[in-house]
Amino acid sequence: RGLPAVGGRDPDLRPTLLARRAEIHFELRAAERLALLDEADLLAARNDTPLVRLDLALARASLRDPSRVEENRRAVAADRAAELRHGNALGAAQRLLQRFAIEMTEFLSALTACDLGPSDAPVERCREVAEQSQVSAIALGVELMQAGRALGDGRLDDLAASVQRLNDEGAALLGGFALV
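Just so it is clear, the structure is predicted and the values come from calculations on it, not from any experiment. (Residues numbered from 1 in each chain as written. Predicted model: local features only at pLDDT ≥ 70, side-chain atom pairs only at ≥ 80, totals over all residues. Heavy atoms only, no water.)

Describing the overall build of the protein
A tally of regular secondary structure across the protein gives nine helices and zero strands. If you list the helices and strands of the protein from N to C, you get α-α-α-α-α-α-α-α-α. Look at the contacts in the protein between residues 6 or more apart in sequence, and 52% of them connect residues 24 or more apart. Approximately 10,000 Å² of the protein is accessible, and the part contributed by carbon and sulfur atoms is 58%. (Helix = DSSP H or I, 4+ residues; strand = E, 2+ residues; numbered from the N terminus. Contact = heavy atoms within 4.5 Å. Areas by Shrake-Rupley, 256 points an atom, 1.4 Å probe, with all protein chains shown as cover.)

Next up, the structure:
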C-alpha cells in the first residue's frame, strides 16, 4: 500500500520500499523479487544517496536464493564494493549488522555449492562481528553455524561443545532458548 502513496514525491523512499517488498514478500517468485530490486536500483541511481545504495546492495545479497549461488556471490561482492564507497554513511552498529548479513550469505552460498572449505572464513568473520556487536542473536547464529560445520566434518566433540554453549547462552535470552 505504501508504494502507490509515495509516487514520485520522495526519490529515496520508493527504492527503499521496493527493496523491503522484495525482501519480505516470500510468495513472490525469485524473478519477481529481483525485478523489484532492479527497479529500485534504477530509481536509486538517480539520486545516488549512499544509505539507499547500501540498503539496496544488502537487500539483493540477503535474498539468498539457493538456486542462484553465483548470483548470490556477485551480490555479496557488490555489497562489499558499495560498503567501500559509501560505508561511512552507516553507523558502527549498522555496519556490523550489515557485515553479519553479508557473511551469512557468503556462508550459505558456500554450503549450497558444497564448498566446505570456503565456508569457514565467513564463520570466522561472523564470530568477529558477534564479539564486536555484543548482540546475543548474532552470537547464537554464529554458534549454530559452527555447530553445523562441526557436524558436517564429523567433529563430534566440537559439536557437543557448541550444543553446550548454545544451551548456556540461550538460557540467558528473554524467554529462554534451549536445545534438547
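Structure's up, so let's keep going.
Quick notes on the side chain of Asp 65
In this structure, Asp 65 sits in the loop between helix H4 (50–62) and helix H5 (69–86). Residue classification places Asp 65 among the buried residues on the basis of a relative accessible area of 16%. Beyond its immediate chain neighbours, meaning those up to four positions away, Asp 65 contacts Ala 30 and Asn 72. (Buried < 20%, exposed > 50% of the residue type's maximum accessible area, 1.4 Å probe, protein only.)

Notes on helix H6 (residues 92–112)
Every α-helical turn comprises 3.6 residues, leaving residues that sit three or four positions apart pointing alike. Relative to the 30 Å expected for 21 residues at 1.5 Å per residue, H6 spans 30 Å between its end C-alpha atoms, a close match to the ideal helical length. The complete set of buried residues in H6 reads Leu 96, Gln 98, Phe 100, Ala 101, Ile 102, Glu 103, Met 104, Thr 105, Phe 107, Ser 109 and Ala 110. In the core, the buried residues of H6 are packed alongside H4, H5, helix H7 (120–133) and helix H8 (136–153). Count one or two residues on from H6 and you reach Cys 114, which has phi positive near 60 degrees. (Expected span 1.5 Å × (residues − 1).)

Remarks on the packing of H4 against H6
Two quantities define a packed helix pair, namely the angle between the helix axes and the distance between the axes. Look at H4 against H6: their axes get within 9 Å of each other, and the N-to-C directions meet at 30 degrees. In terms of their interaxial angle, H4 and H6 are classed as roughly parallel. In this structure, H4 meets H6 at a crossing whose hand is left-handed. On H6, the residues touching Leu 54, Leu 58, Ala 61 and Ser 62 of H4 are Gln 98, Ala 101, Ile 102 and Thr 105. Here the residues of the contact of H4 with H6 sort into five nonpolar, three polar and no charged. (Axes fitted to C-alpha atoms, helices over the stretch in contact; angles between N-to-C directions. Parallel < 35°, antiparallel > 145°, perpendicular 65-115°, else oblique. Left-handed = near helix turned anticlockwise from the far one by under 90°. Nonpolar A, V, L, I, M, F, W, Y, C, P; charged D, E, K, R; others polar.)

Some details on the nonpolar core
Membership of the largest hydrophobic core comes to 14 residues, with the highest contact counts inside it found for Leu 18, Ala 19, Leu 36, Leu 37 and Leu 56. Looking at this core, the elements that each hand over two or more residues are helix H2 (13–24), helix H3 (30–47) and H4. In terms of residue count, H3 provides more of this core than any other element does, six residues in total. Sequence-distant contacts of Leu 37, defined by excluding residues within four places in its chain, comprise Ala 19, Ala 22, Ala 59, Arg 60 and Leu 63. Listed in part, the 11 residues of the second largest apolar core include Val 123, Cys 126, Ala 130 and Ile 138. (Core = buried A, V, L, I, M, F, W, Y, C linked by side-chain atoms within 4.5 Å.)

Limitation: the analysis is restricted to geometry and does not speak to function.
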